[in-house]
Amino acid sequence: MSSEEPLLELRGVHKTFGAVHVLRGVDLTVRPGRVTALVGDNGAGKSTLIKGIAGIHPFDDGDYTFEGSAVHVKSPRDSNGLGIEVVYQDLALCDNLDVVHNMYLGREITKNGFVDEDAMEAKARETLDGLSVRTLKSVRTRVASLSGGQRQTVAIARAVLWNSKIVILDEPTAALGVAQTEQVLKLVRRLADRGLGVVLISHNLNDVFEVADDVAVLYLGQMVAQIEVASTTRDRIVTAITTGELNRGDAA
Amino acid sequence: MSVTTTDDIHDVSPEDSASTLWKDYVAKIRGGDVGSLPAILGLVALVAGFSILRPESFTTAFNFENLIQQSAGVTIIAMGLVFVLLLGEIDLAAGVTAGMAAAVTSVLLTNHDWNTALAIVAGLLAGTAVGAFHGVIVSRLGIPSFIVTLSTFLALQGVVLTLVGERGSVNSGDFIAKLNSDTLPVWLGWVIAAVLVGAYAVLTFVSNRRRRANGLTSEPDLLWALKSGSLAVVAFLVVFYLSIERSPNPQIRSISGVPIALIIIIGLAIVLSVLLGRTRWGSHVYAVGGNMEAARRAGINVKFVQLSCFMICSTVAAVGGLMLASFSGGVNNVSGGGPTLLYAVGAAVIGGTSLFGGKGRVVDAVIGGTVIAVIANGMGLMNQPDSRKYIVTGLVLLVAASVDAISRRRAAASGRI
């Protein structure tokens, strides 16, 4: 594991929905400049964990530490305030708006009471250039006419527009073809290289082994292990996902 | 679009030729973004057709003024409806809201001798109150606007009957009557046209220059010139035509100049367009109409956007009601009823506003309202009975809604190549 100070640390978080105990004492560490893959079978609690971090469904119990200090994240506004942005699987884009307006959705810049299109367009363009996005012909294109990969790019660019520190991506490549997956994974890598902490939820172990530094395996609401990708193999991760046990004790 | 790795990053260069402009435009249309084009083409066809069939009456300056005044009420109601349609909602009560507001103003003026300004404000506020009611029910209780406004559509007809009496009618007074019958002095029409065209040309030119200097997307100069030029031609032709003496007996009473109704329509259209296109709130309206869940997650106050759109719709409808009352010389028991609402919805949709939400402009309502007025006016001059007018207008509305649905399909298809 990296020796850098963690951005986000969860220790023993719990979450129940009615009678269902979805998270049973989960630990998670997110470090700057690293991609942490979060894997697990359906129902393992990945989405619940993300929603807890984002404050949509706050955790019932456990420690939530951000940049070394304990914080209370009770709503999406709290997590946004800390610099945590989530890109959901459905991307939450407005098809009828252009790229600029989607990136500034709900947070438009105004000048003298009117929307400052110039400033927004310049900043959106700058952010996309900063991520070396080369596939958008014009930032004034309506999102409806973009491909799946381009839409994903816009959603990710929106997440980093706000000087965010952690970007959580929920299955960003699930609906993409081979070339576009490659393109999005490169973008994910660039986010980490810029010093952000990236959490990547994925079912696709190819993606995980290609782009992630660490992998965290959830099994029925418990964290099996969070280990460095380089120290393990695909087979072990598959075993961990399906049985909840990591072979030969290479847990961190 | 497949993945491109070339550096095709930068936006259209400003020095485009006419052929690239044309190509871009055709690509946009083929991609399903037809905007008001079908309505404008239809308008041209209708005007040409009626001009050939009834050259002695349809093309007269007198009829042109009449056309504007006939359409004013419906067009204004349609402008308000755009706000609700943009959310993917509907206000079936907009027509009777217009009638009710006009009845409130007329009763206060005629039966209670209120001051004109106060009576007008009271009528408009009555409209706002109806909108607030719709907005609260739709946004808080989540009842579909179709049902909510259908109930007020019925209830408000009862209110109008109560106000004006079962068989009665109420005079709206001199001031209201002038709103949709008087004209501006000829010179003032020219001044207003010149100011509007000049302001548009200068503002867009300056903005284009500034954006280009900052390396942002900008309109090519050629496109700017085409737009400003066409606006100037249309504006000056309209004013010229309306400046012709059109009274049958000029010695007794001279009629010339731009109708006040047209100024009210243009003024409202500008204010509402700025509200929708230039403010943060306006961006949120489009966002809610495009993807309500995304808007909610982005922190937009969806309930407030819904409430405010219904309020604007009904308030603007109240203005339309005053124009209707002015045109018919008063308010009666069917004011704003009958086909008024459907004509207004039709106007917005024919102009290019989508019934599915997220797409539309205030100008669409003006263009669509003109189409509907030309059909009614032209067929009237051809001595066609109301029955046929309804059938033709209905068919035109069906065509407009189909264009909307088909262009959406095209947009969806071209989006994921």
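Residues numbered from 1 in each chain as written. Chains lettered and ligands numbered in written order. Predicted model: local features only at pLDDT ≥ 70, side-chain atom pairs only at ≥ 80, totals over all residues. Heavy atoms only, no water.

J.: I'd like a rundown of the layout of surface pockets, residues and numbers included.
T.: Residue and element names in this part refer to chain B. Here the second largest pocket defines a volume of roughly 770 Å³. Lining the second largest pocket we find 32 residues, and of these Gln70, Val74, Leu324, Thr340 and Tyr343 sit closest to its centre. Elements represented by at least two residues in the lining of the second largest pocket include exactly helix 3 (61–86), helix 13 (302–328), strand 2 (330–332), helix 14 (340–351), helix 15 (362–381) and helix 16 (386–415). Looking at which element gives the most residues to the lining of the second largest pocket, the answer is helix 3, with 7 residues. Residues belonging to the lining of the second largest pocket are distributed by class as follows: 13 nonpolar, 17 polar and 2 charged. (1 Å grid on protein atoms, 1.4 Å probe; cavity = no way out; pocket = protein on both sides within 12 Å on 5 of 7 lines; lining within 4 Å. Points joined across faces, edges and corners; volume = space filled by probe spheres on them. Helix = DSSP H or I, 4+ residues; strand = E, 2+ residues; numbered from the N terminus. Nonpolar A, V, L, I, M, F, W, Y, C, P; charged D, E, K, R; others polar.)

J.: Which residues make up the domain arrangement of chain B, and what are the values?
T.: All names here are of chain B. Considered domain by domain, chain B is made up of domain 1 (34–169 + 259–412) and domain 2 (183–257). Computed from C-alpha atoms alone, the centre-to-centre distance between domain 1 and domain 2 is 25 Å. With both sides pooled, the region where domain 1 packs onto domain 2 buries about 1,000 Å², and carbon together with sulfur makes up 80% of that total. Remark: the boundary between domain 1 and domain 2 carries 0 salt bridges. Counting across the domain 1 and domain 2 interface gives 1 residue pair in polar contact (both at pLDDT 80 or more). Classifying every residue of the side of domain 1 that touches domain 2 gives 10 nonpolar, 2 polar and 1 charged. (Domains from an automatic or database assignment. Buried area = accessible area lost by both parts, 1.4 Å probe. Salt bridge = Lys/Arg side-chain N within 4 Å of Asp/Glu carboxyl O. Polar contact = N/O pair within 3.5 Å; in protein donor to acceptor, adjacent residues only side chain to side chain.)

J.: Run through the confidence of the model for chain B, naming residues and quoting values.
T.: In the predicted model, chain B carries a mean pLDDT of 87, and the fraction of residues at 70 or more is 94%. Long-range and interchain partners of residues 1–15 of chain B, a stretch whose pLDDT sits below 50, account for 34 contacts in this model, where long-range means more than four residues apart. (pLDDT = per-residue confidence, 0-100. Contact = heavy atoms within 4.5 Å.)

J.: Please set out helix 4 (residues 94–110) of chain B residue by residue, giving values where relevant.
T.: Look at helix 4 of chain B: 24 Å from first C-alpha to last across 17 residues, which is about the 24 Å you get at 1.5 Å a residue. Extensive coverage of helix 4 of chain B is indicated by the burial of 16 of its 17 residues. (Expected span 1.5 Å × (residues − 1). Buried < 20%, exposed > 50% of the residue type's maximum accessible area, 1.4 Å probe, protein only.)

J.: Just give me the short version of the sheet that holds strand 11 (residues 214–219) of chain A, but keep the residues and values in it.
T.: All names here are of chain A. Reading across the sheet, the 6 strands line up as 6-9-10-3-11-12 and stay open at both edges, with mixed pairing between neighbours. With one partner strand each, in any of the chains shown, strand 6 (84–87) and strand 12 (222–228) form the two edges of the open sheet. Strand-to-strand twist of the sheet, defined as the mean angle between neighbouring strand axes without regard to direction, takes the value 15°. Strand direction decides the pairing type here: strand 11 and strand 12, joined by 6 bridges, are antiparallel. When the sheet's bridge partners are listed, Val217 is paired in strand 12 with Ala225. Contacts between helix 8 (residues 234–243) and the sheet are confined to strand 3 (35–40), strand 11 and strand 12, with strand 11 contributing the most and set at about 25° to the helix. (Pairing = 2+ DSSP bridges. Axes fitted to C-alpha atoms, helices over the stretch in contact; angles between N-to-C directions.)

J.: So what about the interface of chain A and chain B? Which residues, and what values?
T.: Tallying the contact residues gives 41 residues for chain A and 33 residues for chain B. Buried surface at the junction of chain A and chain B, both sides included, amounts to about 3,100 Å², of which 49% is carbon and sulfur. Of all residues in chain A, Asn96(A), Asp118(A) and Arg134(A) bury the most surface against chain B, accounting for 18% of the area lost on that side. Across the contact surface, chain A and chain B share 5 salt bridges. Residues Asp90(A) and Arg297(B) are paired through a salt bridge, measuring 2.9 Å at the closest nitrogen-oxygen approach. Here chain A and chain B share 12 residue pairs in polar contact (both at pLDDT 80 or more) between them. Among the elements that line the side of chain A that touches chain B, the one with the most residues is helix 4 (residues 117–130) of chain A, at 6 residues. In terms of residue class, the side of chain A that touches chain B is built from 15 nonpolar, 12 polar and 14 charged.

J.: Quick rundown of the packing of aromatic side chains? Include the residues and the values.
T.: Residue and element names in this part refer to chain B. Under the counting rule described, the total for this entry stands at 7 aromatic pairs over all chains. Between the aromatic rings of Phe64 and Tyr241, the centroid separation amounts to 5.6 Å while the plane-to-plane angle is 65°, which identifies the pairing as edge-to-face. Separated by 177 residues along the polypeptide, Phe64 in helix 3 and Tyr241 in helix 9 (residues 221–242) bring together distant segments of the chain. Given a relative accessible area of 23%, Phe64 falls into the partly exposed group. With a relative accessible area of 28%, Tyr241 lands in the partly exposed category. (Phe/Tyr/Trp six-rings, centres within 6.5 Å; stacked < 30°, edge-to-face > 60°.)

J.: Give a detailed account of the environment of Val99(A), specifying residues and quantitative values.
T.: Residue and element names in this part refer to chain A. Residue position: Val99 is located in helix 3 (residues 99–103). In this structure, the C-alpha to C-alpha distance between Val99 and Arg142, residues 43 residues apart in sequence, is 6.2 Å. The contacts of Val99, once residues within four sequence positions are left out, are Leu128, Leu136, Ser138, Val139, Thr141, Val143, Leu146 and Val154.

J.: Account for the packing of helix 3 of chain B against helix 15 of chain B, naming residues and giving values.
T.: All names here are of chain B. Interaxial distance between helix 3 and helix 15 falls to 7 Å at its minimum, and their mutual angle equals 140°. One finds that helix 3 runs oblique with respect to helix 15. In the crossing of helix 3 with helix 15, the sense of the turn from one axis to the other is right-handed. Residues Asn63, Asn66, Leu67, Gln70, Ser71, Thr75, Ala78, Met79, Val82 and Phe83 of helix 3 form the contact with helix 15, whose participating residues are Val362, Ala365, Val366, Gly369, Ala373, Val374, Asn377 and Leu381. (Parallel < 35°, antiparallel > 145°, perpendicular 65-115°, else oblique. Left-handed = near helix turned anticlockwise from the far one by under 90°.)

J.: If you had to explain the pattern of salt bridges to someone new, which residues and values would you point to?
T.: Overall, the coordinates contain 25 salt bridges over all chains when judged by the stated rule. The partner of Glu108(A) in a salt bridge is Arg280(B), with the nearest N and O atoms 3.5 Å apart. Taken together, the residues span two chains, with Glu108(A) in the loop between helix 3 and strand 7 (110–111) and Arg280(B) in helix 11 (residues 280–290). Asp221(B) is paired through a salt bridge with Arg209(B); the nearest N and O atoms lie 2.9 Å apart. Note that Asp221(B) is positioned in helix 9 and Arg209(B) in helix 8 (residues 186–213), a separation of 12 residues in sequence. Connected via shared salt-bridge partners are Asp98(A), Glu117(A), Asp118(A), Glu121(A), Arg140(A), Arg210(B) and Arg211(B).

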